Amino acid sequence: MGVLGFSLLVIWMLETVAAQPKTEPREVDAINKIIDHWNLRSKLNLSVDPCTPNATWAPDTANPRIACDCSDTVCHITHLKLYALDISGEIPQELFLLTELSDLAFGLNNFTGLVPAELGNLTKLLSLSVGSNNLQGTLPPQLGNLTSLQQLYIDSSGVSGPIPQELSNLKSLQILWASDNHFSGKIPEFMGTFTNLKVLRLEGTNLEGPIPSSFAALTKLEDLRISDLGPSDSSLDFLENLSSLSILSLRNCGIRGQIPDRLSSFPNLNFLDLSFNKLTGQIPASFKTFPSLQYLYLGSNNLDGDLPSDVITSSLVALNVVGTSINDVNLNNEKASSMLPCFQGNTECRTKASFSINSGGTAQAAVDGIKFDDDSEQLGAASFYTSTNNDGRISPSSLRYYGLGLENGVYRIELHFAEIQMLDDPTSWKALGRRVFDVYIQGVKVVQDFNILNEAGGSKRALIKTFEANVTNTVMDIHLLWAGKGTCCIPFQSTYGPLVSAIHVSQVTEFKDSSKSNKKRLGKILGITIGCAAGVLIICSVFYLWRAKREEGHMRIHSGKD
């Protein structure tokens, strides 16, 4: 190439660069002020135009991310992602000058203050994510202006109060995550008009039932999760035509009636959780031909009848009917069966006045001489949640210890806790993680919304909670139950559910009057994932809602009555 040719090439390159559209100046000023407001220069140093082609901050995988639309004579910022960057403080007003935004992702930070009403001015938004933050107050009614919005993530954001009626305008919504907030009032009837919804999560929200009958119109739903509704009873009639469902979790929603036969005809339904409700009748015979079903949780209902043998197929990964009157003649577990006489109050088993368990760990002796028995057995998928340092046993849903063969009397129960996963660094978004669960002893809720980290004053700090309870049928029942509250995925995916480090139970006084024997249905506890430690049955219920782990040839089955 001669000198003339080289010169022409340079001129062409300069003209090409000069012809490249520039970002609208007002947006350039706004994005720079946002970066400075949150001290992000070390992560996003805009020394050139924000919409420069092939910029390092433009790809889908970039974080922080700024992406633009330059189809016109001027570029506009359309995507802004600041995800899990330990940003704290309030949202600056300059953000609302980026009126061409279609995607705004602020999740997993430490934003404070109210949800800005000005978000309602960003009317071109298709996706808005402010989940896992430290916001306060109610959702502003101005969010109802976002009529193009398709995805809304406000889970664990800190918002509270009633859900505004103005949100009924969000007819384009396809995904709504709103779990783990402090809402009030009933589930809005208008949600039944969101006919484009594919995913709806309303777990641990403090909302009241019933589940609106208008939900029958949500025929595109693929993933529906609601839990722990207030006092009103609900029905399953709305499910009649929701045949696109693959995940259906309606846990502790006050549901009455029978399990619909129709569910077995849903071609993609692989996860069904209807536990902790008021269901009656039997498992439908149609469930014998339910090829898509992999996880079935029906525990703590008023169900009865036989467990159909054809329900237990090679495709079924987990089955839980604990706390029902279902006859489990088709299940067999020698370990649990050998303990059945003790579970039924057999007098020959009344040989103990105490027991101690090192939950999730090997046998150890405490400084006061108490020997804590081994509880290191891997309980199926629960082993995924067991600390490798033997610091506790964790279950993502339900963790239950039955002390068998105890002398009747008054007992002192010491539950030892230490938060081994959640962090308490106030400078990090990881400190937003909250493990919240309830504690039941002998069927009575003794602690609600228990947060180990808060009560212990930090992570990895020991805490002992002490209770007293009567044993009248030789059985002690200690139940730690996740009620849908708390975060799910901080500091990492699937970080939630009950955790206990050790249990020590000892008799305070003895009595021999068994006339007030506990009539609660205890019955048989059979299943592959039942552990035994010195006369203690341990049951971990595993719910695969965020992460599933399939083990070929291994089926986790829970069955029985409690």
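Residues numbered from 1 in each chain as written. Predicted model: local features only at pLDDT ≥ 70, side-chain atom pairs only at ≥ 80, totals over all residues. Heavy atoms only, no water.

## Concerning the overall build of the protein
(1) Moving on: Each helix and strand in the protein was counted, giving five helices and 36 strands.
(2) Moving on: Residue burial in the protein is summarised as follows: out of 562 residues, 56% are buried.
(3) Moving on: Long-range pairs, those at least 24 residues apart, make up 63% of the contacts in the protein with a sequence separation of at least 6.
(4) Moving on: Accessible surface computed for the protein: about 23,000 Å², of which carbon and sulfur atoms make up 50%. (Helix = DSSP H or I, 4+ residues; strand = E, 2+ residues; numbered from the N terminus. Buried < 20%, exposed > 50% of the residue type's maximum accessible area, 1.4 Å probe, protein only. Contact = heavy atoms within 4.5 Å. Areas by Shrake-Rupley, 256 points an atom, 1.4 Å probe, with all protein chains shown as cover.)

## Observations concerning the sheet that holds strand β23 (residues 371-375)
(1) Moving on: If you trace the six strands from one edge of the open sheet to the other, you get β22-β23-β21-β32-β26-β29, paired in mixed fashion. The open sheet terminates on both sides in strands that have one partner only, identified here as β22 (364-365) and β29 (463-471).
(2) Moving on: Bridge count between strand β26 (residues 409-417) and β29: nine bridges; the pairing is antiparallel. In the strand pairing of β29, E414 is matched with T466. (Pairing = 2+ DSSP bridges.)

## Some thoughts on the pattern of salt bridges
(1) Moving on: Inspection of the entire model under this criterion finds 16 salt bridges.
(2) Moving on: Close ionic contact of E414 with R412 constitutes a salt bridge, the shortest N to O distance being 3.2 Å.
(3) Moving on: Here E414 falls in the buried class, since its relative accessible area comes to 17%.
(4) Moving on: Judged by its relative accessible area of 35%, R412 is partly exposed.
(5) Moving on: Where K465 meets E455, a salt bridge forms, and the shortest distance between an N and an O atom there is 3.1 Å. Taken together, the positions of K465 in strand β29 and E455 in helix α5 (residues 452-456) put the pair ten residues apart, joining distant regions of the chain.
(6) Moving on: Among the ionic contacts, a cluster of salt bridges with common partners joins R201, D223 and R225. (Salt bridge = Lys/Arg side-chain N within 4 Å of Asp/Glu carboxyl O.)

## A look at the pairing of strand β27 (residues 437-441)
(1) Moving on: Burial within β27 is extensive, with four of its five residues counted as buried.
(2) Moving on: For β27 and strand β28 (residues 444-450), the ladder comprises four bridges, and the chain directions are antiparallel. Considered in β28, the bridge of V439 is made with V447.
(3) Moving on: If you look at the hairpin formed by β27 and β28, you'll find two residues sitting between the two strands, and Q442 has a positive phi there, around 55°.
(4) Moving on: Sheet analysis places β27 next to strand β30 (residues 476-481), joined by four bridges and oriented antiparallel.

## Focus: helix α2 (residues 25-37)
Residues spaced three or four apart along an α-helix face the same direction, because each turn holds 3.6 residues.
(1) Moving on: Between the first and last C-alpha of α2 there are 18 Å, a value that for 13 residues agrees with the 18 Å anticipated at 1.5 Å per step.
(2) Moving on: For α2, the full list of buried residues reads E27, A30, I31, N32, I34 and I35.
(3) Moving on: The inward-facing, buried residues of α2 contact β1 (22-23), β2 (65-69) and β3 (74-81).
(4) Moving on: The backbone nitrogen of R26 has a side-chain oxygen 3.0 Å away, supplied by the residue at the start of α2, namely E24. (Expected span 1.5 Å × (residues − 1). Polar contact = N/O pair within 3.5 Å; in protein donor to acceptor, adjacent residues only side chain to side chain.)

## Points about the packing of aromatic side chains
(1) Moving on: Scanning all chains against the criterion turns up 13 aromatic pairs.
(2) Moving on: Ring geometry for F106 against F111: centres 5.2 Å apart, planes inclined by 50°, an arrangement best described as tilted. Of the two residues, F106 and F111, both sit in the buried class.
(3) Moving on: Grouping aromatic residues by their ring pairs yields a cluster made of W38, F106 and F111.
(4) Moving on: Here the guanidinium or amino end of R201 rests over the ring plane of W177, the centre of that ring lying 3.8 Å away. (Phe/Tyr/Trp six-rings, centres within 6.5 Å; stacked < 30°, edge-to-face > 60°. Lys NZ or Arg CZ within 6 Å of the ring centre and 35° of its normal.)

## Side note on the state of the cysteines
(1) Moving on: This model, assessed by the stated rule, comprises three disulfides.
(2) Moving on: The side chain of C70 participates in a disulfide bridge whose partner is C75; the two sulfur atoms lie 2.0 Å from each other. With the S-S bond torsion at 115°, the cross-link from C70 to C75 turns out right-handed.
(3) Moving on: Of the residues examined, C70 reaches a relative accessible area of 29% and is grouped as partly exposed. (Disulfide = S-S within 2.5 Å.)

## Quick notes on the sheet that holds strand β15 (residues 256-257)
(1) Moving on: What the three strands build is an open sheet, ordered β15-β17-β19; its pairing is parallel. Since the sheet does not close on itself, it has two edges, and those belong to β15 and β19 (302-303), each with one partner.
(2) Moving on: Looking at chain direction, β15 and strand β17 (residues 278-281) are connected through two bridges and run parallel. When the sheet's bridge partners are listed, G257 is paired in β17 with L279.

## Some points on the confidence of the model for the protein
(1) Moving on: The predicted model of the protein has a mean per-residue pLDDT of 83, with 81% of residues at 70 or higher.
(2) Moving on: Every residue in residues 380-390 is under pLDDT 50, and counting partners more than four places away or in other chains gives 23 contacts. (pLDDT = per-residue confidence, 0-100.)

## What to know about the nonpolar core
(1) Moving on: In this structure, L80, L95, L104, F106, L128, I226 and L250 are the most contacted members of the largest nonpolar core, which totals 91 residues.
(2) Moving on: Residue assignment for this core shows that the elements contributing at least two residues are α2, β3, β12 (199-202), β13 (223-227) and β14 (247-251).
(3) Moving on: Of all the elements, α2 adds the most residues to this core, at four residues.
(4) Moving on: Not counting residues up to four positions away in its chain, the partners in contact with L80 are I31, R65, I66, L95, L98, L101, D103, L104, A105 and F106. (Core = buried A, V, L, I, M, F, W, Y, C linked by side-chain atoms within 4.5 Å.)

## Things to note about the side chain of R435
(1) Moving on: With respect to the element layout, R435 can be found in the loop between β26 and β27.
(2) Moving on: Note on R435: relative accessible area 1%, which makes it buried.
(3) Moving on: At 2.8 Å, the side chain of R435 and the side chain of Q421 are in polar contact.
(4) Moving on: Among the polar contacts listed, one links the side chain of R435 to the backbone oxygen of G497, at a separation of 2.8 Å.
(5) Moving on: R435 has contacts with I394, E419, Q421, M422, F450, N451, I452, T495, Y496, G497 and L499, leaving out every residue within four places of it along the chain.

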